[in-house]
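Chains, contacts and geometry: an overview
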Protein chains: 4
Amino acid sequence: MQTITADILKKVIHQRPQNSFKGTFGKVLIVGGNPNMGGAAIMAGSAAVHAGAGLVTIATAKENLTAVHSVIPEAMFVDYQDAPKFISLIKGMDVIVLGPGLGNDATAIKVIQTVFANVESSQILIIDGSAITLVAQNAALTTNATIIYTPHQMEWQRLSGIPINEQDDIHCNQEAQQSLNATVILKKHHSEIYFLNGEIHKLMVGGPAMATGGMGDTLTGILAAFIAQFDASFEDRIQAAVFTHSKIADELAKEKYVVLPTDIISYLQKFMKKNCG
Amino acid sequence: MQTITADILKKVIHQRPQNSFKGTFGKVLIVGGNPNMGGAAIMAGSAAVHAGAGLVTIATAKENLTAVHSVIPEAMFVDYQDAPKFISLIKGMDVIVLGPGLGNDATAIKVIQTVFANVESSQILIIDGSAITLVAQNAALTTNATIIYTPHQMEWQRLSGIPINEQDDIHCNQEAQQSLNATVILKKHHSEIYFLNGEIHKLMVGGPAMATGGMGDTLTGILAAFIAQFDASFEDRIQAAVFTHSKIADELAKEKYVVLPTDIISYLQKFMKKNCG
Amino acid sequence: MQTITADILKKVIHQRPQNSFKGTFGKVLIVGGNPNMGGAAIMAGSAAVHAGAGLVTIATAKENLTAVHSVIPEAMFVDYQDAPKFISLIKGMDVIVLGPGLGNDATAIKVIQTVFANVESSQILIIDGSAITLVAQNAALTTNATIIYTPHQMEWQRLSGIPINEQDDIHCNQEAQQSLNATVILKKHHSEIYFLNGEIHKLMVGGPAMATGGMGDTLTGILAAFIAQFDASFEDRIQAAVFTHSKIADELAKEKYVVLPTDIISYLQKFMKKNCG
Amino acid sequence: MQTITADILKKVIHQRPQNSFKGTFGKVLIVGGNPNMGGAAIMAGSAAVHAGAGLVTIATAKENLTAVHSVIPEAMFVDYQDAPKFISLIKGMDVIVLGPGLGNDATAIKVIQTVFANVESSQILIIDGSAITLVAQNAALTTNATIIYTPHQMEWQRLSGIPINEQDDIHCNQEAQQSLNATVILKKHHSEIYFLNGEIHKLMVGGPAMATGGMGDTLTGILAAFIAQFDASFEDRIQAAVFTHSKIADELAKEKYVVLPTDIISYLQKFMKKNCG
């Protein structure tokens, strides 16, 4: 198991090529935000925009249209129950985040089914929050996409069957992760990333100032943007995103007792500039 | 009667434990905000988020969905007239704030009844604003929860029967408070806190720059967050919250003629960091 | 004709009394904002909040509920077509602003009629924008309130019958103003204020950086807050409000090519603190 | 072909005349923003307000009313499907932007038809985004207005018939532009402006930090404001607007990895003040 260091930032975050346009930096789709948790999808989308994704769309409940346009006018909106529009959007995306604020009712399952049925193996699918639980509980939910799961410990228990108090056993975690045929970012005090190539990386930055609602949603947006826009290896892009998220929190925690997701979003552009290789 | 001093801050606001997660810092539910006064519930919820509560939900009129998600995406929304969802939420909460912008019509009474019927004695219930008046006027409104009332002087008159011009008599106030079997934060120039253990504490910070609409709503959110997340005694957590609210106002009043609730909310994170023990 | 100087600020803006509460600083009602111009009423209300009014309510089209709660959660909302609620609110107000973004259709006339029929002579009524035009065109629109008109030159032409190119004649303006039995703030390069006591005051601050949509709406909110909260003479409070509005613009114009209404609103609290007597 | 230099700024951006009012600085109408892309129209309108246009209205889908009033209260809203109001507004405008977030469905075509049928040759019409594609595809869409197209390279291919890989041939571009009888701002790495007088100007500022969704929408708002308010030649106003947009991005890119459209909007007022001749 290797520790992720600040070196990962300059390795991944490069100066953008002069002759580039927004398409160069990828298309990201955030899928989530039921009427009760619209803010989660908005924070994920806002994080993706601020982290440099070329084009960001938020597929969410129709009730969230105005909040999306008000909070992050740079992003586009689609009603995730408007099947024709939603499906046609999915097909053109580089990275899809599925889960922030999605909930766990019948609509959520329908949304997951729609995404799973329309993604291809070349597309990266980040599965977060209640979508992890629903996938764990519904064996019928399968997909061809390249999957990254971002469970916290209870979600990992549901997905892997490993009780929380046995999750210190990285070999056990890895065995479960490999059988899922997916990358797993296990979020906890000192998060761990399990890659399909067998590497396990541990995050030693981040702290308790981050323990607040919406922090995981924000991570998914940063992950999506980093994967969509950078050229480093898949593994390096993921490590850089995870490190960025927690390292910003550490810096802001010097002045703030609790660091909010929206604080991290606001600081992304400057942090990435300072740590650009 | 004792004066609350700045010492209370370091006594209550501690460094967060390294191995913690959002659940460690409690679940807060704000109940209020009819269509005319949605901002009150939003300010209470926003204050709770910025003061470090782990998870914050705002139960309010359905008309306020978008304003909630736009102003404080970190918070969740629930329609307080959607009884099944509302009731199931109540059961899992550590602290509930009832009243900011709730109004005094039939819907408000129904909402109070729903909260009162579903809380347990282990849950802290902060009753504010028009909810105080409605409780004072409806003897049928009773509950098992651990109650904190936050009346201003006219509301205290309604609740205690003590006319405003006789409220300088702390023994009289205390007698009424004890018979209510509740903690009372009497908001006025130099607010007083009456605890069930017989202690009375007086606040000597705060000033007229705070005399503006929404200031009390903001206090309830800070109270809820402090009670939900800290380990100090119940009495100390309440004093620290009340002190924080007014002390921030005093600091901001050095530069601002009137200090708005949203100004206080924006400064909470830095103030708590500076005064962390 | 006298020039308004900075002395007016310290004469009017005093330290708030220690033993005060939000009611001490007055109740302000903004009436305006049809669905097309909701921002106008929001800016007027936001200016009133930031300028220190104790309690601010915005009576506007029902479509603007969410924008009100999102932009200025400190303010309350009422649907100006909900006659019972609207009328009961009017009765308790100290100062009412009628006009920002109200438009000139049948709804606007109905709203003006409702206000005019329910105000009393002890209440201050600031009439702005299209409401001035409608009053000029409908002789049937009369009221008992104490009136302040805030016309720009074209509106003054409609109200007084004096063509713009003859409005340099202050005696002519004064004669028309006296026959209206109202205070008139004639907005132009170097605005003039005509009082019922015969005084005429001229403003020599302010400049072309203020020439942008919404600037007049913002003035009405500052006027309302100053009249509602301060103890100086009626004439002095009005002069101080008008001076504050333009003087802030001049200060901000040192750094900004155009000064927006929302810029002025953001600076009110600090400006008032710096110029507090 | 000439390079646009910073000299263009002081040549165009002058101190405003003392005796001016909002009408002096022109009326701008932004037409765009379907329910999925409301943010695009809001950013264009917000840019126009911050760049100094006297009065800005946003004609957009009715779903976007609240987002408009929340994000930019200085702007007015109109439902672009409310034909009578929309048409009457068009007639009074100095500059109209058609396209940001308009989409390409039947409603979009109807909106374009309404604009095209109601503008006159004295009005400036900036055609952007999907409106360019729709015009390219529908020969029946013709208008008398003075047209500026702002295509990126794919849109220019559709409009001119010139494949992207042949667009380095400026004579070929110019021939197509002249036959369109319109000014063309060809957006790419080092954008080019083709004027009807035969001049071609090249932009050497701007960079890849600008490659993000919404950047073109923001440019249209700045263009509209500069054309509406300044007295320099038509060609100079356009060059100054294009230069301002990219030069601000370059300045902000010193501190930010990606520069967002809303970052540029926030900096417009200070940039214009610093570069005022």
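The following refers to the structure shown. Only a predicted model underlies this, so the values are computations on that prediction, with no experimental measurement involved.

Right, let's talk about the interface of chain D and chain A for a bit. In this complex, chain D contributes 31 residues to the contact, which on the side of chain A involves 33 residues. Roughly 2,600 Å² of surface becomes buried between chain D and chain A when both sides are summed, with 59% attributable to carbon and sulfur atoms. The largest per-residue losses of area from chain D upon contact with chain A belong to N36, P208 and Y257 of chain D, which jointly make up 31% of the total buried on that side. Counting every contact that joins chain D to chain A gives 14 residue pairs in polar contact (both at pLDDT 80 or more). Listed by contribution, the elements that provide at least two residues to the side of chain D that touches chain A are α2 (38–50), α3 (65–71) and α11 (261–274) of chain D. Tallying contributions element by element places α2 of chain D first for the side of chain D that touches chain A, with 5 residues.

Right, let's talk about the environment of E74 of chain D for a bit. When you line up the elements, E74 of chain D lands in the loop between α3 and β4 (76–79). Separated by 17 residues in sequence, E74 of chain D and K91 of chain D have C-alpha atoms that sit 21 Å apart. Engagement of the side chain of E74 of chain D in a polar contact is seen with the side chain of T262 of chain C, the distance being 2.6 Å.

This structure, assessed with the given rule, holds 36 salt bridges over all chains. In this structure, D236 of chain B and K11 of chain B form a salt bridge, with 3.1 Å as the shortest nitrogen-oxygen distance. Here K11 of chain B lies in helix α1 (residues 7–12) and D236 of chain B lies in helix α10 (residues 234–253), a separation of 225 residues in the sequence. Residue classification places D236 of chain B among the buried positions, given a relative accessible area of 12%. Salt bridges here are not isolated pairs; linked through shared partners, they connect D168, K188, E192 and K202 of chain A.

Taking C-alpha atoms as the reference, chain A and chain C come no closer than 9 Å and do not contact one another. The least C-alpha distance between chain B and chain D, which are not in contact, is 9 Å.

We now examine the interface of chain A and chain B. Listed by partner, the interface residues are 31 residues for chain A and 33 residues for chain B. When residues of chain A are sorted by the area they lose upon contact with chain B, N36, P208 and Y257 of chain A head the list and together hold 31% of the total. Where chain A touches chain B, the interface holds 1 salt bridge. Linking E255 of chain A and K270 of chain B is a salt bridge whose minimum nitrogen-to-oxygen distance equals 3.5 Å.

Applying the stated rule across the entire model yields 12 aromatic pairs over all chains. Considering the side-chain rings of Y267 of chain B and F271 of chain B, the 6.4 Å spacing of their centres and the 55 degrees angle between planes classify their relative orientation as tilted. Placement of the pair is Y267 of chain B and F271 of chain B together in helix α11 (residues 261–274), with a separation of 4 residues, close to one helical turn. One exposure class covers both Y267 of chain B and F271 of chain B, and it is buried. Here the aromatic rings of F226 of chain C and F230 of chain C are separated by 5.1 Å at their centres, their planes lie at 75 degrees, and the arrangement is edge-to-face. Take F226 of chain C and F230 of chain C: they sit in the same class, and that class is buried. Through a chain of ring-to-ring contacts, the aromatic side chains of F226 and F230 of chain A together with Y257 of chain D assemble into a single cluster.

All names here are of chain A. Ordered by their spatial adjacency, 10 strands build an open sheet running β1-β10-β9-β8-β7-β6-β5-β2-β3-β4, and the pairing between neighbours is mixed. Here the strands that pair on one side only, and so sit at the sheet edges, are β1 (2–4) and β4 (76–79). Averaged over all pairs of adjacent strands, the angle between strand axes in this sheet comes to 20 degrees, irrespective of strand direction. Here β1 runs beside strand β10 (residues 200–203); their pairing, made up of 3 bridges, is parallel. Paired with I4 across the strands is L203, a residue of β10.

In this section: the relation of the copies chain D and chain A. Superposing chain D onto chain A takes a rotation of 90 degrees plus a shift of 0.0 Å along the axis, which leaves an RMSD of 0.0 Å. Such a combination of rotation and displacement between the chain copies is what one expects of a four-fold axis.

Each of the two chain copies goes to the other by way of a rotation about an axis and a shift along it. Between chain A and chain B, which share one sequence, the superposing operator has a rotation angle of 90 degrees and an axial displacement of 0.0 Å; the RMSD is 0.0 Å. By residue overlap, the copies meet through two different surfaces: only 6% of the interface positions of chain A are interface positions in chain B.

Residue and element names in this part refer to chain B. One can describe the packing of α10 onto α11 by two numbers: an axis separation of 10 Å at closest approach and a directional angle of 105 degrees. Relative to α11, the element α10 is oriented roughly perpendicular. Contacts from T244, H245, K247, I248, A249, E251 and L252 of α10 reach α11 at D263, I264, Y267, L268, F271 and K274. Tallied by class, residues from the contact of α10 with α11 come to 7 nonpolar, 2 polar and 4 charged.

Residues and elements named next belong to chain B. Mapping Q123 onto the fold places it in the loop between α5 (106–118) and β6 (124–128). Accessibility expressed as a relative area gives 5% for Q123, which makes it buried. Among the polar contacts listed, one links the side chain of Q123 to the backbone oxygen of I90, at a separation of 2.8 Å.

Residue and element names in this part refer to chain D. If you walk across this open sheet you meet the 10 strands as β1-β10-β9-β8-β7-β6-β5-β2-β3-β4, and the pairing is mixed. Edge positions in the sheet fall to β1 (2–4) and β4, since each has one partner strand and no second. Put simply, the sheet's adjacent strands are angled 20 degrees from each other on average, direction ignored. Across 2 bridges, the pairing between strand β7 (residues 146–149) and strand β8 (residues 183–186) is parallel. Counterpart to Y149 in the pairing with β8 is V184. Along the sheet, helix α8 (residues 170–180) makes contact with β7, β8, β9 (192–194) and β10 (200–203), crossing β9 at roughly 45 degrees.

The rules behind these values
Residues numbered from 1 in each chain as written. Chains lettered and ligands numbered in written order. Predicted model: local features only at pLDDT ≥ 70, side-chain atom pairs only at ≥ 80, totals over all residues. Heavy atoms only, no water. Contact = heavy atoms within 4.5 Å. Buried area = accessible area lost by both parts, 1.4 Å probe. Polar contact = N/O pair within 3.5 Å; in protein donor to acceptor, adjacent residues only side chain to side chain. Helix = DSSP H or I, 4+ residues; strand = E, 2+ residues; numbered from the N terminus. Salt bridge = Lys/Arg side-chain N within 4 Å of Asp/Glu carboxyl O. Buried < 20%, exposed > 50% of the residue type's maximum accessible area, 1.4 Å probe, protein only. Phe/Tyr/Trp six-rings, centres within 6.5 Å; stacked < 30°, edge-to-face > 60°. Pairing = 2+ DSSP bridges. Axes fitted to C-alpha atoms, helices over the stretch in contact; angles between N-to-C directions. Least-squares fit on C-alpha atoms with pLDDT ≥ 70 in both. Parallel < 35°, antiparallel > 145°, perpendicular 65-115°, else oblique. Nonpolar A, V, L, I, M, F, W, Y, C, P; charged D, E, K, R; others polar.

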